Amino acid sequence: MNILNFPDTWLEPLGKGFCKDFLNEIESKLLKLKTEDIAIFPPIPSIFRALELVHFNEVKILILGQDPYHGFGQANGLSFSVNKEIMIPPSLNNIFLELENDLNIPISQHGDLTSWAHQKILLLNSVLTVEQGKPNSHEKLGWNKLTNKIISQLSQRGNMIFVLWGNIAQKKLYLIDDKENKILFAPHPSPLSAYRGFFGCKHFSEINKILIENGSSEINWKLD
């Protein structure tokens, strides 16, 4: 039974053999959880949504999250993002506060970051699924094998901006070549850590500055 629709455009860059082996392995684990009636977020058709929205060769920026939101209806396959009808989570609200402070962009009335993805931002979580009400419950399911490969292949491709907020994201630093890519660090936007340096990091203006210096178009951070 094939329940996972992995985007074809990422097969070649990551290696078709690698993808086949990984998908067989992770699919069997997800199917086992489904037979046990365990609620998994995001919905299975949205697990690879971040990769569906941005092709490997087009990614300009990677904003790395930890794992999906674990509340019902929150996770939509993009790191930090929720669908328009869902209340904005605290970490995302802090992202919007920093965006307002940095670029004077009014705080959005919704938390759907799809328009960022359409501008070639890969909104990727390190772990792509979670069980309802259990943060980090799939940390050891095997997702890091895939997401580490994505990070390292994008690093080898080069000309990337990697945005690493928080200790979990910054543990991926060893996968990134800082000579061929730009790396931005800050504490996580969570209410527990945002006041330790996420507020005031000005990453949104810094990203646009880097893009312009590289002859690329800047990001319109205001949500649709």
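For the structure, see preceding data.
Given the structure is predicted, the values throughout are model-derived calculations rather than measurements. (Residues numbered from 1 in each chain as written. Predicted model: local features only at pLDDT ≥ 70, side-chain atom pairs only at ≥ 80, totals over all residues. Heavy atoms only, no water.)

Caption draft 1: Fine view of the packing of aromatic side chains. Taken as a whole and judged by the stated rule, the model has 14 aromatic pairs. Residues Trp-116 and Phe-204 carry aromatic rings whose centres are separated by 6.2 Å and whose planes lie at 55° to one another, so their mutual orientation is tilted. Here Trp-116, found in helix H5 (residues 114-117), pairs with Phe-204, found in helix H8 (residues 203-213); they are 88 residues apart in sequence, far enough to count as distant. For the residue pair Trp-116 and Phe-204, the accessibility class agrees, reading buried in each case. On the basis of an interplanar angle of 70° and a centroid distance of 4.9 Å, the ring pair of Tyr-195 and Phe-199 is categorised as edge-to-face. Judged by its relative accessible area of 72%, Tyr-195 is exposed. Here Phe-199 falls in the partly exposed class, since its relative accessible area comes to 24%. (Phe/Tyr/Trp six-rings, centres within 6.5 Å; stacked < 30°, edge-to-face > 60°. Helix = DSSP H or I, 4+ residues; strand = E, 2+ residues; numbered from the N terminus. Buried < 20%, exposed > 50% of the residue type's maximum accessible area, 1.4 Å probe, protein only.)

Caption draft 2: Representation of the nonpolar core. Trp-10, Phe-48, Trp-116, Leu-122, Trp-143 and Leu-154 are the most contacted members of the largest nonpolar core, which totals 69 residues. Top contributing element to this core by residue count: helix H2 (residues 16-35), with six residues. Filtering out sequence-adjacent residues up to four positions away, Leu-122 remains in contact with Trp-10, Ala-50, Leu-51, Val-54, Val-59, Ile-61, Leu-62, Ile-63, Ile-150 and Leu-154. (Core = buried A, V, L, I, M, F, W, Y, C linked by side-chain atoms within 4.5 Å. Contact = heavy atoms within 4.5 Å.)

Caption draft 3: Structural context of H8. Those residues of H8 that fall on the buried side of the exposure criterion are His-203, Phe-204, Ile-207, Asn-208, Ile-210 and Leu-211. The arc enclosing the buried residues of H8, seen along the axis, measures out at 160°, which places them on a common side. Opposite the buried face of H8, by more than 90 degrees, sit the exposed residues Ile-212 and Glu-213. Looking at the buried side of H8, the elements it contacts are strand S2 (61-65), helix H4 (90-103), H5, strand S5 (161-165) and strand S6 (182-186). Just downstream of H8 lies Gly-215, where phi reads positive at about 80°. (Arc of directions from axis to C-beta.)

Caption draft 4: Fine view of the environment of Ser-205. Inspection of the secondary structure puts Ser-205 in helix H8. Residue classification places Ser-205 among the partly exposed positions, given a relative accessible area of 24%. Distance in space between the C-alpha atoms of Ser-205 and Ile-150 is 25 Å, their sequence separation being 55 residues. Ser-205 has contacts with Asp-102 and Leu-103, leaving out every residue within four places of it along the chain.

Caption draft 5: Examining the pattern of salt bridges more closely. This model, assessed by the stated rule, comprises six salt bridges. Between Lys-32 and Glu-36 there is a salt bridge, and its shortest N-O distance comes to 2.7 Å. (Salt bridge = Lys/Arg side-chain N within 4 Å of Asp/Glu carboxyl O.)

Caption draft 6: Representation of the packing of H4 against H8. Running from N to C, H4 and H8 cross one another at 60°; their axes reach a closest spacing of 8 Å. In terms of axis orientation, H4 runs oblique to H8. In this structure, H4 uses Ile-95, Glu-98, Leu-99, Asp-102 and Leu-103 to contact H8, whose residues at the interface are His-203, Phe-204, Ser-205 and Asn-208. Per-class residue counts for the contact of H4 with H8 are four nonpolar, three polar and two charged. (Axes fitted to C-alpha atoms, helices over the stretch in contact; angles between N-to-C directions. Parallel < 35°, antiparallel > 145°, perpendicular 65-115°, else oblique. Nonpolar A, V, L, I, M, F, W, Y, C, P; charged D, E, K, R; others polar.)

Caption draft 7: How the structure looks around the packing of H2 against helix H6 (residues 143-157). With their axes 10 Å apart at the nearest point, H2 and H6 run at an angle of 150° to one another. With respect to the hand of their crossing, H2 and H6 are arranged in left-handed fashion. Residues Phe-18, Phe-22, Glu-25, Ile-26 and Leu-30 of H2 lie in contact with H6, whose contacting residues are Trp-143, Lys-145, Leu-146 and Lys-149. Across the contact of H2 with H6, the residue classes break down as six nonpolar, no polar and three charged. (Left-handed = near helix turned anticlockwise from the far one by under 90°.)

Caption draft 8: Spotlight on the sheet that holds strand S3 (residues 121-125). Pairing is parallel across the open sheet formed by four strands, whose spatial order is S3-S2-S5-S6. Two strands bound the open sheet, and with one partner strand each, they are S3 and S6. Direction aside, neighbouring strands of the sheet carry axes that sit 20° apart on average. Looking at chain direction, S5 and S6 are connected through five bridges and run parallel. Bridge pairing links Phe-162 to Ile-183 in S6. Most of the contacts of H6 go to S3, to which it runs at about 150°, and overall it touches S2, S3 and S5. (Pairing = 2+ DSSP bridges.)

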